[in-house]
Amino acid sequence: MEKVIYLDNAATTKTAPEVVEAMLPYFTEYYGNPSSIYSVGAEAKKALNQARETIAETLSASSNEIYFTAGGSEADNWAIKATAEAYASKGKHMITSAIEHHAVLHTCQYLEKNGFEVTYVGVDENGIIKLDELKAAIRPDTILISVMFANNEIGTIQPVKEIGEIAKAHGILFHTDAVQAYGQIPIHVDEYHIDMLSASGHKLNGPKGIGFLYIRKGVKSRSFVHGGQQERGRRAGTENVPGAVGFAAAAKRAFAKLEERVEQEKKLRDYLMERIEKEIPYCRLNGDREKRLPNNVNFSFQFIEGEALLIMLDMKGICASSGSACTSGSLDPSHVLLAIGLPHEIAHGSLRLTVSEENTMEEMDKVVNEVKAVVERLRAMSPLYEDFCKSKE
């Protein structure tokens, strides 16, 4: 069987061997409930506390500001819903961007049905939030600004520090969905004036089913899951000790070799971008060319359907996507691509390739060659492309 070339690391990553190794004892040896008082449980509690400390250090935060969740979507829901409940007496207005992950957008839409108002700030053609529009949207009853650190589809990195400064100057809480950025970009929560931050383990070679929400000390946040006193009374339920240990091991691994890995990913990313732009006509790079995640490549190709492109690449052993894995079953074009100004017919022909440090230049060559061949084949079957070519003659 031909080796699979995996280029969908924004959707999920392979769990690193050392992460699996770190987790195993907490399935089979130290399997006790961390809330219990006997030694097997005490060992689990100790590991949970150490995992919390390790993750806090990566953000220059305190361990008592880290709350484990089942993933990034839960962390986003918690940050937004709990803020709405805790600060409703101050105001019922929130601000977010038009290109957020659906974990944020759908939560905001839920709140709109329950008496809250949400302003969705636009972005420029590269996906960078319009700061003037953000400032203009602020009202006396604004209680939260939620803007993602980096976009999961087009890779654009937002001016998070500036957004944090704006929020702080107006006494507004600032939440950032850092699911794609955590482990790819150094993040200092005080420097960026971040009050809440969401992250997920499986985006950085950790396990699925574990995430965390950073909540700055002093921020009012109601209990998100009611029951026991776990997570300092804010999220009931027996903690996922193996998951937390694995997440911490993945975070430690990611930040230990961050610069080296980022440089490797950038080389692969830039090589992909250069070859595709040079060799495939009528394509468009989506996202900011410089202010983008080191592993993200996103192109739209005219006169083709992205779904057909993905299927044909899969037949060649190449795993890619057209955007967010959470919307892969939808027939609608990406809301992110529409927000940056792409018409429907071009947004439908998008391809997202997200690399890892395990990928090679030889793989990149094969990928570009296959993408080039598939695009040519699909365009050859397109009456729109045929009409376009005739109009050029």
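The structure displayed is predicted, hence computed values, not measured ones.

## Some thoughts on the side chain of Asp288
Right, so step 1: Relative to the elements of secondary structure, Asp288 occurs in the loop between β9 (283-285) and β10 (296-301).
Right, so step 2: Salt bridges are absent for the buried Asp288, whose nearest opposite-charge side chain, Lys291, sits at 5.6 Å.
Right, so step 3: Those residues within four positions of Asp288 in sequence are excluded, and the remaining contacts are Asn126, Ile128 and Thr156.

## Description of the sheet that holds strand β7 (residues 196-200)
Each strand in a sheet pairs with its neighbour through backbone hydrogen bonds, running either in the same direction (parallel) or in the opposite one (antiparallel).
Right, so step 1: Spatial ordering of the open sheet is given by β2-β8-β7-β6-β5-β3-β4, a layout of seven strands whose pairing is mixed. In the strand order of this sheet, the two ends are held by β2 (66-69) and β4 (117-121), each with one partner. Strand-to-strand twist in this sheet, taken as the mean axis angle between neighbours without regard to direction, amounts to 20 degrees.
Right, so step 2: Pairing between β2 and strand β8 (residues 211-215): four bridges, direction antiparallel. When the bridges of β8 are listed, Thr69 appears paired with Gly211.
Right, so step 3: Together, β2 and β8 form the strand contacts of helix α3 (residues 39-58), whose direction differs from that of β2 by roughly 115 degrees.
Right, so step 4: Seen against the sheet, helix α4 (residues 72-86) touches β2, β3 (93-97), β5 (142-146), β6 (173-177), β7 and β8 and runs at an angle of roughly 160 degrees to β7.

## Concerning the pattern of salt bridges
Right, so step 1: Under the defined criterion, the tally for this structure stands at 20 salt bridges.
Right, so step 2: A salt bridge links Lys14 to Glu358; the nearest nitrogen and oxygen atoms lie 3.0 Å apart. Remark: Glu358 occurs in the loop between β12 (350-354) and α13 (361-380) and Lys14 occurs in the loop between β1 (5-6) and α1 (17-23); sequence separation between them is 344 residues.
Right, so step 3: For Glu358, a relative accessible area of 48% gives the class partly exposed.
Right, so step 4: Taken together, the salt bridges that share partners define one network made up of Glu18, Arg253, Lys257 and Glu357.

Definitions and cut-offs
Residues numbered from 1 in each chain as written. Predicted model: local features only at pLDDT ≥ 70, side-chain atom pairs only at ≥ 80, totals over all residues. Heavy atoms only, no water. Helix = DSSP H or I, 4+ residues; strand = E, 2+ residues; numbered from the N terminus. Buried < 20%, exposed > 50% of the residue type's maximum accessible area, 1.4 Å probe, protein only. Lys, Arg positive; Asp, Glu negative; His and termini not counted. Salt bridge = Lys/Arg side-chain N within 4 Å of Asp/Glu carboxyl O. Contact = heavy atoms within 4.5 Å. Pairing = 2+ DSSP bridges. Axes fitted to C-alpha atoms, helices over the stretch in contact; angles between N-to-C directions.

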